[in-house]
Amino acid sequence: MKHLLATDGLDPAFATAVLDTADELKHTLLGREVRKLPTLRGRTVISMFYENSTRTRVSFEIAGKWMSADVINVSASSSSVNKGESLRDTALTLAAAGADCLIVRHPASGAAQRLAGWLSHVGTAVVNAGDGTHEHPTQALLDAATLRERLGSVEGRRIAIVGDVLHSRVARSNIHLLAALGAEVVLVAPPTLLPVGVESLPVTVSHELDAELPTVDAVMMLRVQAERMHGGFFPSAREYSISYGLNEKRLKLLPEHAVVLHPGPMLRGMEIASAVADSPASAITEQVRNGVHVRMAVLYHLLAGEGAAA
Ligand code: CP
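Here, residues in each chain are numbered from 1, in the same order as that chain's written sequence. A pLDDT threshold of at least 70 governs which residues receive local features in this predicted model, and a stricter bar of 80 or more applies before side-chain atom pairs are shown or counted, although totals over entire chains, interfaces and linings include all residues.

## Overview of the overall build of the chain
Move 1: Within the chain, the secondary structure is distributed over 11 helices and nine strands.
Move 2: Each radius of gyration is computed over the set of C-alpha atoms, and the globule rule expresses the reference value as 2.2 Å times the number of residues to the power 0.38. A compact globule built from 310 residues should have a C-alpha radius of gyration of about 19 Å, and the chain, at 19 Å, falls within 12% of that.
Move 3: Over its C-alpha atoms, taken along the principal directions, the chain stretches across nearly 55 × 45 × 35 Å.
Move 4: Three classes are used. A residue is buried when 20 or more other C-beta atoms lie within 10 Å of its own, exposed when 12 or fewer do, and partly exposed in between, with C-beta atoms placed from the backbone. In the chain, which comprises 310 residues, the proportion classed as buried is 47%.
Move 5: A pair of residues counts as a contact when their C-beta atoms, built from backbone coordinates, are separated by no more than 7 Å. A separation threshold of at least 6 residues defines the contact pool for the chain, and within that pool the share at least 24 residues apart is 79%. A run of H or I in DSSP becomes a helix once it reaches four residues, and a run of E becomes a strand once it reaches two; helices and strands are each numbered from the N terminus.

The following block contains the structure:
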């Protein structure tokens, strides 16, 4: 395994190995004063973010540093991208400068895959940190890690993914990973926020959140991505919140053991009420924490594990 580009087609054995490694790393570092392992000493990890990020960028940086890699962040706004340099030339430049791994976030679906193709002769690993509306594989892996931790397993669980599925790379990555790990996925969304071809995905579809909540082990709320809705938002924010917002009344419909997830950033009061986001059922802070260990595990498997980049 050289790159991590998508969960669609990802070997479930590789995904499970990443989750097991993340769990091991978490327990190894627990309570340590100095959270530093020598595993990736001498390796260089460069992140290229062409879209805004808080969680993904910071957790990859922490993950690399805790593994003793040299970590460099390149943002489009302060690099030669601003002078018109292409993604291909930027990637080849960073690889020539010594990157063992490039972590890329880009607004174009398929950008990470293209980058991996351009770098195929160079030996630089590529990690997709979110490409357009396509995939965000490390988010799905950290979500699976959080579900495993809270529920004991992913296999056999029923998970609702709720909201703006159409524009969500988080939803797409979760659909494929959760199905590969043996979970049952139900998409709950208005018809206008479901993708064309949804019937070919390994999911069932519902438009009735209240009917689904009592039947699920976890509910994954999605961010409404207004920045990708150039033609306007239908239903309106108010209608969306009334039908699909996770409020305190709806929280009571969930089984007692059920977990609430959200990839962030959250639109509090619209997709999810503050009282729900901050409730004991919410694992949102744990998702962020697990993101560091999962990204450490991904870097380990790509750069130091069996079949790693040379
Ligand atoms: N969940 C997620 O990708 O968050 P960021 O955009 O802050 O990285």
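## Description of the sheet that holds strand β6 (residues 184-188)
Move 1: What the five strands build is an open sheet, ordered β7-β6-β5-β8-β9; its pairing is parallel. The open sheet has two edge strands with one neighbour each: β7 (204-206) and β9 (259-261). For this sheet, the mean inter-axis angle between neighbouring strands, taken without regard to orientation, is 20°.
Move 2: Relative to β6, strand β5 (residues 158-162) runs parallel, the two sharing five bridges. Note on β6: the bridge partner recorded for I161 is L187. For two strands to count as paired, DSSP must find a minimum of two bridges between them. Lines are fitted to the C-alpha atoms to define the axes, a helix being fitted only along its stretch in contact, and any angle between axes, read from their N-to-C directions, falls within 0 to 180 degrees.

## Notes on the sheet that holds strand β3 (residues 101-106)
Where strands meet in a sheet, backbone hydrogen bonds hold them as pairs that are either parallel or antiparallel.
Move 1: Taken together, the four strands give an open sheet; going across it, the order is β2-β1-β3-β4, and neighbouring strands pair in parallel fashion. Each of the sheet's edge strands pairs with one partner strand only, and the pair in question is β2 (70-75) and β4 (125-131). Averaged over all adjacent pairs, the angle separating strand axes in this sheet is 15°, with direction ignored.
Move 2: Strand direction decides the pairing type here: strand β1 (residues 44-49) and β3, joined by five bridges, are parallel. Across the sheet, the residue bridging to S47 is I103, located in β3.

## Considering the domain arrangement of the chain
Move 1: The source of the domain bounds is an automatic or database domain assignment. For the chain, the assigned domains read domain 1 (12-135 + 288-303) and domain 2 (137-285).
Move 2: Look at where the C-alpha atoms of domain 1 and domain 2 centre, and you get two points 25 Å apart.
Move 3: For the side of domain 1 that touches domain 2, the secondary structure elements donating two or more residues are α1 (12-29), β4 and α11 (284-303).
Move 4: Broken down by element, the residue count for the side of domain 1 that touches domain 2 peaks at seven residues, all from α11.
Move 5: In terms of residue class, the side of domain 1 that touches domain 2 is built from 10 nonpolar, eight polar and five charged. Here the nonpolar group is Ala, Val, Leu, Ile, Met, Phe, Trp, Tyr, Cys and Pro; Asp, Glu, Lys and Arg are the charged ones; every other residue, Gly included, is treated as polar.

## Focus: the pairing of β5
Move 1: Taken across its five residues, β5 has four buried, putting it largely inside the fold.
Move 2: By the criterion used throughout, a crossover qualifies as right-handed when its path from the first strand across the helix to the second strand runs clockwise, the strands pointing away from the viewer. Handedness of the crossover joining β5 and β6 through helix α6 (residues 169-180): right-handed.
Move 3: Alignment of β5 against strand β8 (residues 218-221), held across four bridges, turns out to be parallel. Within β8, the residue paired with V162 across the bridge is M221.

## Brief notes about the nonpolar core
Move 1: A set of buried residues qualifies as a nonpolar core if it consists of Ala, Val, Leu, Ile, Met, Phe, Trp, Tyr and Cys joined through C-beta atoms within 7 Å. Judged by nonpolar contacts, the single largest core of 98 residues is most densely connected at L102, I161, V219 and L299.
Move 2: Counting residues per element, this core draws most heavily on α11, at 10 residues.
Move 3: Summarising the domain contributions, this core has at least three residues from each of domain 1 (12-135 + 288-303) and domain 2 (137-285).
Move 4: Residues within four places of V219 in sequence aside, it is in contact with A160, V162, L213, L246, L254, A258 and V260.

## Notes on the site of the ligand
Move 1: Whether a residue is near a molecule or strand depends on its C-beta atom, placed from the backbone, lying within 6 Å of it. For the ligand, the full set of nearby residues is S53, T54, R55, T56, G130, H136, Q139, P263, G264 and P265.
Move 2: Residues belonging to the shell around the ligand are distributed by class as follows: two nonpolar, seven polar and one charged.
Move 3: Lining the shell around the ligand are residues from two domains, each supplying at least three of them: domain 1 (12-135 + 288-303) and domain 2 (137-285).

## As for the packing of helix α2 (residues 55-66) against α11
Move 1: Across the interface, α2 lies against α11 with an axial gap of 8 Å and an inter-helix angle of 55°. The angle between the axes of α2 and α11 places the two elements in the oblique class. Viewed along their axes, α2 and α11 form a crossing whose handedness is right-handed. Here α2 contributes R55, S59, F60, I62, A63, G64 and W66 to the contact with α11, which in turn contributes V288, G291, V292, R295, M296 and L299. The scheme is simple: roughly parallel for angles under 35 degrees, roughly antiparallel for over 145, roughly perpendicular for 65 to 115, oblique for anything else. For any pair of crossing helices, the crossing counts as left-handed if the nearer helix is rotated counterclockwise from the farther one by less than a right angle, and right-handed if it is rotated clockwise.

## Digging into the environment of H3
Move 1: Of note, H3 is situated in the segment before α1.
Move 2: The buried category is assigned to H3, around which 21 C-beta atoms lie within 10 Å.
Move 3: Spatially, the C-alpha atoms of H3 and I284 are 27 Å apart, while their sequence positions differ by 281 residues.
Move 4: Not counting the four nearest positions on each side in its chain, H3 is found in contact with A116, A125 and V126.

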